[in-house]
Amino acid sequence: MERGTRDELLGRLAERVGSVTVAHPTRVAIDGPPAAGKTTLADELADVLRTQGRHVIRATVDDFLFPRAQRYPRGEYSAEGCYFDTHDHEALNRVLLDPLGPGGDRRFHHAVYDHTADAVLSPPAMTAPADAVLVFDGVFLMRPELIDRWDLRVFVSTALDKTVDRAVIRERRVSSRADVERRWRERYLPSQRFYFATVRPTDHVDVIVHNDEPGRPAWEAGPARSPRSE
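Residues numbered from 1 in each chain as written. Predicted model: local features only at pLDDT ≥ 70, side-chain atom pairs only at ≥ 80, totals over all residues. Heavy atoms only, no water.

What should I look at first to understand the side chain of T158 in this one?
Its place among the elements puts T158 in the loop between β9 (152-157) and α6 (160-170). By relative accessible area, T158 is classed as buried at 8%. Here T158 is in contact with A36, T163, R166, N211 and D212, once residues within four sequence places are set aside. (Helix = DSSP H or I, 4+ residues; strand = E, 2+ residues; numbered from the N terminus. Buried < 20%, exposed > 50% of the residue type's maximum accessible area, 1.4 Å probe, protein only. Contact = heavy atoms within 4.5 Å.)

Next comes the structure, spelled out in structure tokens:
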């Protein structure tokens, strides 16, 4: 395991992206629990790759949610519902991951849902260059429906209890502490424990980032550490 500055971590991740040799856009997954720091890391990595001259497509699983009316058949605080009923993986594969993958035409949509408006989106298709990089963050990205779509897999790890405190800070303007803690302890954290028990995501990634101290992260190679190629 290595520990260093944030810039050193981002440099190593950018090197790993550059080591992937495929004939289609490189699809990078940044997985991890809610409030682990996935989105921040993905945004920072995208910025570094752009400074290196790469064409970056930035997308997130939160733009592939089912509409709210469909997301809670098991109840708003159901951990099983969080895992099974929240994200439209079929649409994610169909409009984004498969078009950017082997044999795809590189014509993609980066989103199908607007979380703020709770509305289905139909943005115009875009065409990615063959050497583009998709930087995609979200929860449950190593699940069976998605695991074979990634060319580089990163897992952002942090103690689950720490994510509760981070979520309270992040959402203090829109939710009370009691509401945030209830959602985390009844829905999000049990769903992550289910994910770890059934999928074992860290067994399938190339890099594990330990993000308990974001300003001084640690990282290590995961079991799937060999660069992918075609």
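Moving on from the model shown.
Mind showing me how you'd approach the nonpolar core here?
One recurring pattern in soluble globular proteins is that nonpolar side chains are buried together. Formed by 33 residues in total, the largest nonpolar core has its most connected members in L96, L134, F136, L141, M142 and W150. The set of elements that each furnish at least two residues to this core consists of β3 (56-60), α4 (79-84), α5 (89-97) and β8 (133-137). Tallying contributions element by element places α5 first for this core, with 5 residues. With residues near it in sequence (within four places) discarded, L134 still touches T26, R27, V28, I57, A59, L96, L97 and L100. Core analysis: the second largest hydrophobic core is formed by 24 residues, L9, L10, V22 and I30 among them. (Core = buried A, V, L, I, M, F, W, Y, C linked by side-chain atoms within 4.5 Å.)

Looking at this model, I keep getting lost on the sheet that holds β3. Mind explaining?
Neighbouring strands of a sheet are bound in pairs by backbone hydrogen bonds; such pairs are parallel or else antiparallel. Strand order in the open sheet formed by 7 strands is β1-β11-β10-β9-β2-β8-β3, and the pairing between neighbours is mixed. Strands at the two margins of the open sheet, each flanked by one partner only, are β1 (2-3) and β3. As judged from the 4 bridges shared by strand β2 (residues 26-31) and β9, these two strands associate in the parallel manner. Following the sheet pairing, I30 is matched in β9 by V154. (Pairing = 2+ DSSP bridges.)

What's the story with α6 in this structure? I'm lost.
Given 3.6 residues per turn, any residue in an α-helix points the same way as the ones three and four places further on. All buried positions along α6 are accounted for by L160, T163, V164, A167 and V168. Taken end-on, α6 shows its buried residues confined to a sector of 140°, consistent with a single buried face. Lining the buried residues of α6 we find α7 (177-198). (Arc of directions from axis to C-beta.)

Teacher, can you tell me more about the packing of α6 against α7 here?
Geometry of a packed helix pair, given as the angle between the helix axes and the separation of the axes. Relative orientation of the contacting elements α6 and α7 amounts to 145°, with a least axis distance of 10 Å. The handedness of the crossing between α6 and α7 comes out as right-handed. Taking contact as the criterion, the partners of L160, D161, T163, V164, D165, A167, V168 and R170 in α6 are, on α7, R177, V180, E181, W184, R185, L189, Q192 and R193. Its residues assigned to classes, the contact of α6 with α7 comprises 7 nonpolar, 2 polar and 7 charged. (Axes fitted to C-alpha atoms, helices over the stretch in contact; angles between N-to-C directions. Left-handed = near helix turned anticlockwise from the far one by under 90°. Nonpolar A, V, L, I, M, F, W, Y, C, P; charged D, E, K, R; others polar.)

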